[in-house]
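Read off the chains here:
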Amino acid sequence: MNRLITRKIAENVNCLKAPQRNFCTGVAAKIPTSNSAQPTTDHPEEQGVTNKIHQHDVAIVGGGLVGLALACSLASMPLTKHLNVAIIDSNPALFSRPSIKKEDPPDPRVSTVTPASISLFKDIGAWKYVEQHRHAYFDMMQVWDYTGLGYTKYNAKDANKDYLGCVVENRVLHSSLLSCIQDIDFQKTIYPSKLTTLHRNSSFVGVESKSSASPLDQGHSVKLDLSDGSSLCAKLVVGADGSKSRIRELAGFTTSGWSYSQNAVICTVEHSIENRGAWQRFLPAGPIALLPVGDNFSNIVWTMNPKEATDRKTMSEDDFVKDVNYALDYGYGPHPKSSTLGNGGILSWFKPDVTLSAAECFEVPPKVTKLASQRMVFPLSLMHANNYASKNVVLIGDAAHTVHPLAGQGVNLGFGDAFALAKVIAEGIAVGTNIGEVSLLRKFEAERKPANIAMMAILDGFQKAYSVDFGPLNILRAAAFNGANYISPLKRSIISYASGEQKLPLFT
Amino acid sequence: MTSKLLNHLRALHAATNNQCRFARSSTNLFLSSSRPFSDAPSLPQVSSTPQPQNPQSSISFSALSSLNQEELAKFSAISETWWDSEGPFKPLHAMNPTRLAFIRSTLCRHFGRDPYSPTPFEGLKFVDVGCGGGILSEPLARMGATVTGVDAVEKNIKIARLHADLDPLTSKIDYCCTTAEKLVEEQRSFDAVIALEVIEHVANPGEFCKSLSALTVPDGATIISTINRSMRAYATAIVAAEYLLHWLPKGTHQWSSFLTPEELVLILQRASISVKEMAGFGYNHLTGRWSVCDDISVNFIAFGTKTNPNQ
């Protein structure tokens, strides 16, 4: 790894080798302060760099939801608010914030924010901006499948909460985070450009003039080159640039994963009445989810195989609406009976503890009346970076892990990462640690990795379990639905885990 | 600190006052017999427990026996691995944040600084006696203090200087290859004197504490950490760390040169430093993390303040 980095450095910054050789032979030599990674105003050795290289403490590559959440979080804590943060993202929305008009129909890209993420947002003071725009809390969720053998209904009251989650458009979340960060007096610089290369300082430092001096902890900063020709240095580089992360590629992180042979079709639809709950029906090709967005609008996330996805994208709007209604209600199998096993029978001994929603009947989702936005198609895959942290670089959000959207957890895992990293950075600064040190970043990894992997495993399990149409397996799944519906402790645990309150699915 | 530990400390103070004469004679005997090597002036050496550390035990400038040269050479060989956090000093790096947490909390309280500030020690002068490669000095400098790092091994100082120059925040640390006694001769004084994992390698701990005290300004702070002379420490820091887990080279520590908390309080008291807080460090083998705890039976750290003669 060191050799790879030195080769890269040798290729890119040839002229710096000269000063290195000079001091290596000296005894107790002082490293020249105008190091390749230490920016100075006069930097004549740099090839083709006429601009000043700015020095920052943290460089967040990617100014999306998770990157901005990290920046806000750092800005809101006393131990980290003095940090000089750079955000690298070529998205123009970061500079000129497009105003979101109330009359606009909802954008199809939405996220379900779990209660845990909501409380994190409230901590940093960003949630109040979200509530100024369209948002939809929901307190009921119904999950069933096409066989009609079973269903589960979750109610927020089962776990003594007011809501199970809140569905918010991504652009609203983004704009709220931007407002939050602009409010706070925080040193931040936004670089409207893309990352091209990354240099880790590996100048050798040796006390004895041996030919291959042992590599001591090499310089603390990392130099980032951007596509518009400017450069900056940072002690810590955070990769929050999404599933096709460039920083992950540059820093040499390996990943594992596979792509699901499914694409997701998303769009906004309208009803004649207000949709108060979240609905998910597992179909043979993949689940269809109907999420409330507010003002009689709902969001559809429909997973299916790629060919059907392209068909559905191109078919007429009326046909599409008919298909959606068919998928949600009419087609495939019968409605699940409300109490197949009755509230008595073998589950009657749970009766004293039975939750509110177990007594509720199966409800039919609201009918879709028209399509309210364009249809978008995204391929789905599972990806997990084998490591989140290496020297000076750490990955958060989709750059570190992507999941199937069937439980609405993706961005919530990312928010969890962002806040955990901010907390770890604060703890490091409290004891004077250099924030780019691997041991500190490994602490973050040790905290988030098990939780993320557990969630991904569960979601992947669900995805696989529901993609097979096989008699006995269908009965098993129906039993699972009924079990989750009527066994109250299990239901409470599921709600608690999906809300983000429990980090690991340990049913205690 | 729990009330249990506070009571323990109060008892120590009371006991020392009552039995000082007896204790003094017994500790004198103990102290004189515990240092089988040189009688030369104590040399603060950095070490950590139970970690792999410089095997350079009490070396003095004047007593250059063959044994000492070997130890010097042994240490010089691994001194370049000081900053390799996966190398032989790995457990020390793991323990460092825990020690710093204790130091930060006690010194913020003592000097009345804001515990939520990222640089609470602005304007304060600290000295790190036995600094080694500077793994304690650098975080202290990042917390705003003006740090002087002192070590008797020239190579350590070189490594420390080179590493500190990599970060502008730490490049102002003043590293000197000298001893606490020499600093006293130069009449230097500091707001806080910190000597972690040094006193168990020193020939005469009483004299060493007197030097540390002389370096502290009145009402200043002194922080010393070491290993307890208990059966548990023998099992952990010597048998387990040196022979079973190979964290430390064999012979790094002599159990007889460990100090019990009572003895440390006593010799500090005789050096006009009254110990205000004490805590232990515990290691969780499952998570590989150190934490501050009340168990002072193996590693412990003591925070004391120098009595002001004007009061």
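Please read these numbers as outputs of a predicted model, since none were measured by experiment.

What counts, and at which threshold
- Residues numbered from 1 in each chain as written.
- Chains lettered and ligands numbered in written order.
- Predicted model: local features only at pLDDT ≥ 70, side-chain atom pairs only at ≥ 80, totals over all residues.
- Heavy atoms only, no water.
- pLDDT = per-residue confidence, 0-100.
- Helix = DSSP H or I, 4+ residues; strand = E, 2+ residues; numbered from the N terminus.
- Contact = heavy atoms within 4.5 Å.
- Buried < 20%, exposed > 50% of the residue type's maximum accessible area, 1.4 Å probe, protein only.
- Pairing = 2+ DSSP bridges.
- Axes fitted to C-alpha atoms, helices over the stretch in contact; angles between N-to-C directions.
- Patch = residues over 30% accessible without salt bridge, like charges linked within 9 Å, V, L, I, M, F, W, Y side chains within 5 Å.
- Areas by Shrake-Rupley, 256 points an atom, 1.4 Å probe, with all protein chains shown as cover.
- Salt bridge = Lys/Arg side-chain N within 4 Å of Asp/Glu carboxyl O.
- Core = buried A, V, L, I, M, F, W, Y, C linked by side-chain atoms within 4.5 Å.
- Phe/Tyr/Trp six-rings, centres within 6.5 Å; stacked < 30°, edge-to-face > 60°.
- Lys NZ or Arg CZ within 6 Å of the ring centre and 35° of its normal.
- Expected span 1.5 Å × (residues − 1).

**Section: the confidence of the model for chain A**
Residue and element names in this part refer to chain A.
- Here chain A averages 80 in pLDDT, and 81% of its residues register 70 or above.
- For chain A, the element scoring lowest by mean pLDDT is helix α2 (residues 17-24), at 38; strand β19 (residues 393-395) scores highest, at 95.
- Of the regions scoring below 50 in pLDDT, residues 13-49 engages in 56 contacts with residues more than four places distant in sequence or in other chains.
- Confidence over residues 203-218 falls short of pLDDT 50; this stretch has 39 contacts with residues more than four positions distant or in other chains.

**Topic: the pairing of strand β15 (residues 297-304) of chain A**
All names here are of chain A.
- Among the eight residues of β15, eight are classified as buried, and the element is accordingly described as predominantly covered.
- Of the two faces of β15, both are covered, the one formed by F297, N299, V301 and T303 as well as the one formed by S298, I300, W302 and M304.
- Relative to β15, strand β12 (residues 255-271) runs antiparallel, the two being bridged by eight bridges. Note on β15: the bridge partner recorded for A264 is T303.
- The antiparallel pairing of strand β14 (residues 286-294) with β15 creates a hairpin that spans two residues between the two strands, and D295 there sits at a positive phi of about 55°.

**Examining the sheet that holds strand β4 (residues 135-138) of chain A**
All names here are of chain A.
- Here we have three strands laid out as an open sheet, ordered β3-β7-β4, and antiparallel in their pairing. If you trace the sheet from one side to the other, it starts and ends with β3 (110-113) and β4, each paired once. Put simply, the sheet's adjacent strands are angled 20° from each other on average, direction ignored.
- Pairing geometry for β4 and strand β7 (residues 165-169), over four bridges, is antiparallel. Note on β7: the bridge partner recorded for A136 is V167.
- Across the face of the sheet, helix α4 (residues 115-124) comes into contact with β3, β4 and β7 while running at roughly 90° to β3.

**Re a nonpolar patch on the surface**
Residue and element names in this part refer to chain A.
- A contiguous nonpolar patch, built from Y326, Y330 and Y332 and spanning about 380 Å² of accessible area, is present on the exposed surface.
- Positionally, Y326 belongs in helix α9 (residues 317-330).
- Given the relative accessible area of 44%, Y326 is considered partly exposed.

**Quick look at the nonpolar core**
- With 77 residues, the main nonpolar core has L70(A), L177(A), L224(A), V238(A), I247(A), I396(A) and L421(A) as its most contacted residues.
- Ranked by residue count, the leading element in this core is helix α10 (residues 410-430) of chain A, at ten residues.
- Setting aside its immediate chain neighbours within four residues, L177(A) contacts L65(A), L68(A), A69(A), C72(A), F121(A), I124(A) and A126(A).
- Core analysis: the next-biggest nonpolar cluster, separate from the first, contains 32 residues, F121(B), L124(B), A160(B) and A192(B) among them.

**Here we look at the confidence of the model for chain B**
All names here are of chain B.
- On average, chain B scores 79 in pLDDT, and the residues at 70 or more come to 75%.
- When the criterion is pLDDT under 50, residues 19-68 qualifies, and its contacts beyond four places in sequence or with other chains add up to 146 contacts.
- For this predicted complex, the interface confidence score (ipTM) comes to 0.76, while the overall pTM stands at 0.80.

**Quick notes on the sheet that holds strand β4 (residues 190-196) of chain B**
Residues and elements named next belong to chain B.
- Overall, mixed pairing links the eight strands, which are arranged β3-β2-β1-β4-β5-β8-β6-β7 in an open sheet. For this open sheet the edge positions go to β3 (174-177) and β7 (289-293), each flanked by a neighbour on one side alone. Strand-to-strand, the axes of this sheet are offset by a mean angle of 20°, without reference to chain direction.
- With five bridges connecting them, strand β1 (residues 125-129) and strand β2 (residues 146-151) associate as parallel partners. Considered in β2, the bridge of K125 is made with T146.
- Sheet contacts for helix α6 (residues 154-164): β2 and β3; angle to β3, the most-contacted strand, approximately 165°.
- Docked against the sheet, helix α10 (residues 261-270) engages β5 (216-227), β6 (273-284) and β8 (299-306), running at close to 150° with respect to β6.

**Details of the packing of aromatic side chains**
- Counted by the stated rule, this structure contains 14 aromatic pairs over all chains.
- Arranged with centres 6.0 Å apart and planes meeting at 85°, the rings of Y234(B) and W255(B) form a pair that is edge-to-face. Of this pair, Y234(B) sits in helix α9 (residues 231-244) while W255(B) sits in the loop between α9 and α10, placing them 21 residues apart in sequence.
- According to the relative accessible area criterion, W255(B) is partly exposed, its value standing at 28%.
- Here the aromatic rings of Y283(B) and W290(B) are separated by 5.0 Å at their centres, their planes lie at 50°, and the arrangement is tilted.
- Y283(B) sits in the partly exposed class, given a relative accessible area of 28%.
- Over the ring of F320(A) we find R375(A); its NZ or CZ atom is 5.0 Å from the centre of that ring.
- The positively charged end of K491(A) is found above the aromatic ring belonging to Y154(A), 6.0 Å away from the centroid.

**Examining α10(B)**
All names here are of chain B.
- Counting buried residues along α10, seven of its ten residues qualify, which places the element largely inside the surrounding structure.
- The set of residues buried in α10 consists of P261, E263, L264, V265, L266, I267 and L268.
- In the segment just after α10, S272 is the residue with positive phi, at about 65°.

**Description of the environment of M383(A)**
- Mapping M383(A) onto the fold places it in strand β17 (residues 376-385).
- Classification of M383(A) by relative accessible area gives buried; the value is 10%.

**Some points on α9(B)**
All names here are of chain B.
- With 14 residues, α9 extends just 16 Å between its outermost C-alpha atoms, more than 12% less than the 20 Å of an ideal straight helix rising 1.5 Å per residue.
- If you check which residues of α9 are buried, you get A233, A237, I238, A240, A241 and E242.
- Of the surrounding secondary structure, the elements contacted by the buried residues of α9 are β5.
- H246, located one to two residues past α9, shows a positive phi value of around 55°.

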